[in-house]
Amino acid sequence: MKFKNKGRKIYKTKEKNFYGKTPVGKFFSGALTVLLVGGLCFLGYSVAEPLLNYSKKQGDSDVSSVTENIPEEGSTGQTASTMPVLENKNAELYTSYTLKPSDLAGVSSLRASLENVPEAVGIEYITVPLKVSGGEIYYASGVYEAQMCGAVQSQLTLSEITYEIRSAGYRPTASISLLDDNILPQTYPEAGYRTTDDGSRWIDNSVENGGKPWVSPFADSTKEYLGEIAYEIASADFDKAVCTDVIFPPFRESDLALLGDEVNSGERYLGLTSLVNMMYNTMIEGNTATMLEVSAVDLLLGNYEVIQPMLLDVNTLILNIDFTEMGNAVESVGTVYEFTGTDAENASKIIGLIQHRLGDYNIAVRFSGANKDTASLLDAMEVLSEYGYTSYIIG
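So, a few notes on the structure that sits alongside this text.

The rules we used
Residues numbered from 1 in each chain as written. Predicted model: local features only at pLDDT ≥ 70, side-chain atom pairs only at ≥ 80, totals over all residues. Heavy atoms only, no water. Core = buried A, V, L, I, M, F, W, Y, C linked by side-chain atoms within 4.5 Å. Buried < 20%, exposed > 50% of the residue type's maximum accessible area, 1.4 Å probe, protein only. Helix = DSSP H or I, 4+ residues; strand = E, 2+ residues; numbered from the N terminus. Contact = heavy atoms within 4.5 Å. Polar contact = N/O pair within 3.5 Å; in protein donor to acceptor, adjacent residues only side chain to side chain. Expected span 1.5 Å × (residues − 1). Phe/Tyr/Trp six-rings, centres within 6.5 Å; stacked < 30°, edge-to-face > 60°. Salt bridge = Lys/Arg side-chain N within 4 Å of Asp/Glu carboxyl O. Patch = residues over 30% accessible without salt bridge, like charges linked within 9 Å, V, L, I, M, F, W, Y side chains within 5 Å. Areas by Shrake-Rupley, 256 points an atom, 1.4 Å probe, with all protein chains shown as cover. Lys, Arg positive; Asp, Glu negative; His and termini not counted. Charge placed at Lys NZ, Arg CZ, Asp CG, Glu CD.

**Thoughts on the nonpolar core**
Judged by nonpolar contacts, the single largest core of 96 residues is most densely connected at Ile 126, Ile 161, Tyr 225, Ile 233, Leu 292, Ile 321 and Phe 367. Here this core gets seven residues from one element, more than from any other, and that element is helix H9 (residues 269-285). Leu 292 has contacts with Cys 243, Val 246, Val 276, Val 306, Leu 312, Val 314, Thr 316, Leu 317 and Ile 318, leaving out every residue within four places of it along the chain. Counting residues in hydrophobic clusters, the runner-up holds seven residues, among them Val 242, Met 291, Ala 364 and Ile 393.

**As for unusual backbone geometry**
Unlike most non-glycine residues, Asn 287 shows phi in positive territory, near 60°. With respect to the secondary-structure elements, Asn 287 resides in the loop between H9 and strand S7 (289-295). Even without being a glycine, Val 333 presents a positive backbone phi close to 50°. If you trace the backbone, Val 333 turns up in the loop between strand S9 (329-332) and strand S10 (335-338). By relative accessible area, Val 333 is classed as exposed at 79%.

**Some details on the environment of Trp 214**
Along the chain, the position of Trp 214 falls in the loop between helix H5 (184-187) and helix H6 (220-234). On the accessibility criterion, Trp 214 (9% relative accessible area) is buried. As a C-alpha pair, Trp 214 and Pro 189 span 25 residues in sequence and 9.4 Å in three-dimensional space. A polar atom in the side chain of Trp 214 sits 3.0 Å from the side chain of Asp 204.

**Let's talk about H6**
Along its 15 residues, H6 runs 21 Å from first to last C-alpha, staying within 8% of the 21 Å computed at 1.5 Å per residue. If you check which residues of H6 are buried, you get Thr 222, Tyr 225, Leu 226, Gly 227, Ile 229, Ala 230, Glu 232, Ile 233 and Ala 234. The inward-facing, buried residues of H6 contact strand S4 (125-131), helix H3 (144-148), helix H4 (158-167), strand S5 (171-177), H5 and H9.

**Details of the packing of aromatic side chains**
All told, the structure shown has five aromatic pairs when counted by the stated rule. Here Tyr 193 and Trp 202 contribute two aromatic rings whose centre-to-centre distance is 5.8 Å and whose plane-to-plane angle is 80°, an arrangement assigned as edge-to-face. According to the relative accessible area criterion, Trp 202 is buried, its value standing at 3%. Aromatic side chains Phe 218 and Phe 248 sit 6.1 Å apart centroid to centroid with 20° between the ring planes, which places their arrangement in the stacked category. Of this pair, Phe 218 sits in the loop between H5 and H6 while Phe 248 sits in the loop between strand S6 (240-244) and helix H7 (253-258), placing them 30 residues apart in sequence. Take Phe 248: its relative accessible area is 9%, and that puts it in the buried class. Ring pairs connect the aromatic residues Tyr 193, Trp 202 and Phe 251, which therefore count as one cluster.

**Side note on the pattern of salt bridges**
One pass over the full model with this rule turns up eleven salt bridges. The partner of Arg 252 in a salt bridge is Asp 255, with the nearest N and O atoms 3.1 Å apart. For Arg 252, a relative accessible area of 40% corresponds to the partly exposed category. In this structure, Arg 366 and Glu 293 form a salt bridge, with 3.2 Å as the shortest nitrogen-oxygen distance. Of this pair, Arg 366 sits in strand S11 (residues 362-368) while Glu 293 sits in strand S7, placing them 73 residues apart in sequence.

**A word on a negative patch on the surface**
Residues Glu 345, Asp 373, Asp 379, Glu 382 and Glu 386 make up a contiguous surface patch of negative charge. Looking at the element boundaries, Asp 379 is found in helix H13 (residues 374-379). Judged by its relative accessible area of 52%, Asp 379 falls in the exposed class.

**Points about H9**
With 17 residues, H9 ought to run about 24 Å at 1.5 Å a step, and its terminal C-alpha atoms sit 25 Å apart, in line with that. Within H9, the full set of buried residues consists of Gly 271, Leu 272, Thr 273, Leu 275, Val 276, Asn 277, Met 279, Tyr 280, Thr 282, Met 283 and Ile 284. If you follow the buried residues of H9, they end up packed against S5, H6, S6 and S7.

Spelled out as structure tokens, the structure:
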């Protein structure tokens, strides 16, 4: 927690005798009381407003804020039609278009992709997938470990990327996958999860079934690696950054039995929140506002350990509705949620099911999917007004 509990202070006073007042005395006493109360109210308001304004986190920008009527947990059985629609207050409109990793093969492909950004929807930002799920890096990173493990897949420099984006009339946002990284621990096993019996590298399936290692948020080498990447990006000319894949692997009970107390602890979420805060603080030093992306499907499945409002420094969540990940159905704790409608209908349904889990955060909705073209993703945007959202990311 950010504040230590110093205990309850007890103040003792000496008893005093109070005597009755004369009528005149009572009159002056009452008048003084009225003046005193009025003065205290004015002073309280004057002090409270600057303090509230100061309490806003540095570098954060308001997008769409979920503020009221958040229902209690345990409502997974509710349908979208029975979930209350939360009120959202919009202070700043955030609109972005996400590039594909292949767009970062070179300057020419980057320019071509920027020319294809849809103009009709008022895109202001371009989100650049600098580090993607799986661990690949799509810029010319100078981090030694990134080069040695083979993660670097592009020779575009960060300055080239931001220059081309700004020249095209947009503002750059960096996207960084944190923990879905199967490349780093292949070369540096100490960055991954280790079994408690012999310290061997843990993988998420058998070798025959394509099992892969994952980086661990508890490993010092993981923190150092991501910290160096964050420093490179914060030193570049990015307005914003998005941290994605802040998740644990899909551990089975047999996996948990092999691993240590860190992943079996009821407070293992601290490994996630501290990592996000580290990235946030590094980015803020470079004047880069930081946001956190969460998967709508993960939230439906109950995988939202990173959402800890009292611990996280970020105050903006990007809700990623990935239609490919969603498919036609999602099974969660014995309940099957079907998504057989249009993209807009499916998006509306899943938002209604998980909106109460987003907490009191500013919200931007991302529409994505490997098998979806830009036109179909734009069609899904019609659900934004239904839930009071105005900020969005396409792709």
